[in-house]
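Chain and residue survey
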Amino acid sequence: MKKIKLFLILTCMIGSLFSQFHASNVNSGLNYLNVNDAITNASVNDTILLLTNIQYGIIINKGITFSSATGGPYAVTAAGGIGVAVTNGAVNVVVSNIQITNCTYGVLVRASASLGITNTTIRDCFIANCANTGIYLYQAVSNYIINNTVLTNLTYNIYTTGNWVVTPGAGFIMSNTVGGTTSSINGIVATAYASGIRILSNYVYGVQVGIQATGDFTGSVVANNIITNVYSTAILVSVQIPR
């Protein structure tokens, strides 16, 4: 009987230990107690799986895939902070099947002029109730924002500025559901050298402006979007005409 009790205690302790793991590296097979440690130790092209709901922000500084494990999507909550930050020099980052709520920024992709961020893909995520912006991209190249649900983020749902496309036909904001409940929220905004972007087949509702495009919008396309129940304007275009 004592041996059985000891076995049960050890089993519970091992189960408890494994339940504390927050992330797993599919390529190495290693588990981590903190997602950022998993990313730090990852190699380019590795896949990091989120194993449970967490309450801290994620920083991605290399070309990895960050997704939920089976049973997800799991949630990232970083009150007063950034849910997922993609930082300078990261190439071919994929963020998929993650739920991000109650942050200042849900996903922030922000590059400097000297260290660019290229080919970031954000897909199949649920991003809501952020104090500023759901998905924010700044000076990043050829991004793909596909099939996300982005709702009731206080200022912008999707905002991209200073982005451009190197390869013709690259760079999409496509098949997203974007919505709000107040006149202070904007849907999809592309501004300041947002050239080459395709804004296609999105469903936008309940916002101040559905889709707004300003600045250098050379080579960009806005088409096949459904925009309904907006407080002000469905599509607002004010572009710089190249001379």
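Bear in mind that the values here come from a model prediction, so they are computed numbers and not experimental data.

**Looking at the sheet that holds strand E20 (residues 177-179)**
Ordered in space as E6-E9-E13-E17-E20-E23-E26, the seven strands form an open sheet in which the pairing is parallel. Looking along the sheet, the strands with just one partner apiece sit at the ends: strand E6 (74-77) and strand E26 (226-228). Strand-to-strand, the axes of this sheet are offset by a mean angle of 10 degrees, without reference to chain direction. Bridge analysis of strand E23 (residues 203-205) against E26 gives three bridges, and the strand direction is parallel. Of the residues in E26, the one forming a bridge with Val 204 is Ile 227.

**With respect to the side chain of Thr 121**
With respect to the helices, strands and loops of the structure, Thr 121 is situated in strand E12 (residues 121-123). If near-sequence neighbours (up to four positions away) are discounted, Thr 121 is found in contact with Val 93, Val 94, Val 95 and Tyr 144.

**Considerations on the pairing of strand E7 (residues 82-86)**
Burial within E7 is extensive, with four of its five residues counted as buried. Looking at chain direction, E7 and strand E10 (residues 105-110) are connected through four bridges and run parallel. Paired with Ile 82 across the strands is Tyr 105, a residue of E10.

**A short note on the side chain of Asn 176**
By secondary structure assignment, the location of Asn 176 is in the loop between strand E19 (172-174) and E20. Look at Asn 176 and you get buried, because its relative accessible area is 1%. A distance of 2.9 Å separates the side chain of Asn 176 from the backbone oxygen of Ile 145, its partner in a polar contact. The contact partners of Asn 176, leaving out residues within four places of it in the chain, are Ile 145, Ile 146, Asn 147, Asn 148, Ile 158, Ser 201, Asn 202 and Tyr 203.

**Regarding the sheet that holds E19**
Read across the sheet, 10 strands follow the order E2-E1-E3-E5-E8-E12-E16-E19-E22-E25 without closing on themselves; strand pairing throughout is mixed. Only two strands of the sheet have a single partner each, and these edge strands are strand E2 (31-32) and strand E25 (221-223).

**Here's the deal with the packing of aromatic side chains**
For the coordinates displayed, the defined rule picks out five aromatic pairs. Between Tyr 156 and Tyr 159, the ring centres sit 4.5 Å apart and the planes meet at 45 degrees, which makes this aromatic pair tilted. Given the relative accessible area of 23%, Tyr 156 is considered partly exposed. With relative accessibility at 13%, the residue Tyr 159 sits in the buried group. Ring pairing ties together the aromatic residues Tyr 105, Tyr 136, Tyr 156 and Tyr 159, which thus form one cluster.

**Observations regarding the state of the cysteines**
In the structure shown here, the tally under the stated rule is zero disulfides. Here Cys 103 stays free of any disulfide, with the sulfur of Cys 130 as its closest cysteine sulfur at 4.9 Å.

**Description of empty space enclosed by the protein**
As enumerated under the stated definition, the model contains one cavity of 30 Å³ or more in all. Its volume calculated, the largest cavity comes out at about 80 Å³. Contributing to the lining of the largest cavity are 12 residues, with Asn 143, Thr 160, Gly 171, Ile 173 and Ile 197 lying nearest its centre. Within the lining of the largest cavity, the residues separate by chemical class into seven nonpolar, five polar and no charged.

**Remarks on the nonpolar core**
Judged by nonpolar contacts, the single largest core of 52 residues is most densely connected at Val 35, Ile 58, Ile 60 and Phe 66. The element best represented in this core is helix H2 (residues 35-40), accounting for three residues. Apart from the residues lying within four places of it in its own chain, the contact partners of Val 35 are His 22, Ala 23, Leu 50, Ile 54, Tyr 56, Ile 58 and Phe 66.

**Focus: the pairing of strand E14 (residues 133-138)**
When you tally the buried positions in E14, you get five out of six residues, the bulk of the element. One ladder, built from five bridges, connects E10 with E14; its direction is parallel. Counted as the bridge partner of Leu 108 is Tyr 136 from E14. Alignment of E14 against strand E18 (residues 156-161), held across five bridges, turns out to be parallel. Looking at the pairing, Leu 137 lines up with Thr 160 of E18.

Conventions used here
Residues numbered from 1 in each chain as written. Predicted model: local features only at pLDDT ≥ 70, side-chain atom pairs only at ≥ 80, totals over all residues. Heavy atoms only, no water. Pairing = 2+ DSSP bridges. Helix = DSSP H or I, 4+ residues; strand = E, 2+ residues; numbered from the N terminus. Axes fitted to C-alpha atoms, helices over the stretch in contact; angles between N-to-C directions. Contact = heavy atoms within 4.5 Å. Buried < 20%, exposed > 50% of the residue type's maximum accessible area, 1.4 Å probe, protein only. Polar contact = N/O pair within 3.5 Å; in protein donor to acceptor, adjacent residues only side chain to side chain. Phe/Tyr/Trp six-rings, centres within 6.5 Å; stacked < 30°, edge-to-face > 60°. Disulfide = S-S within 2.5 Å. 1 Å grid on protein atoms, 1.4 Å probe; cavity = no way out; pocket = protein on both sides within 12 Å on 5 of 7 lines; lining within 4 Å. Points joined across faces, edges and corners; volume = space filled by probe spheres on them. Nonpolar A, V, L, I, M, F, W, Y, C, P; charged D, E, K, R; others polar. Core = buried A, V, L, I, M, F, W, Y, C linked by side-chain atoms within 4.5 Å.

Purely spatial values, then, with no claim about function.
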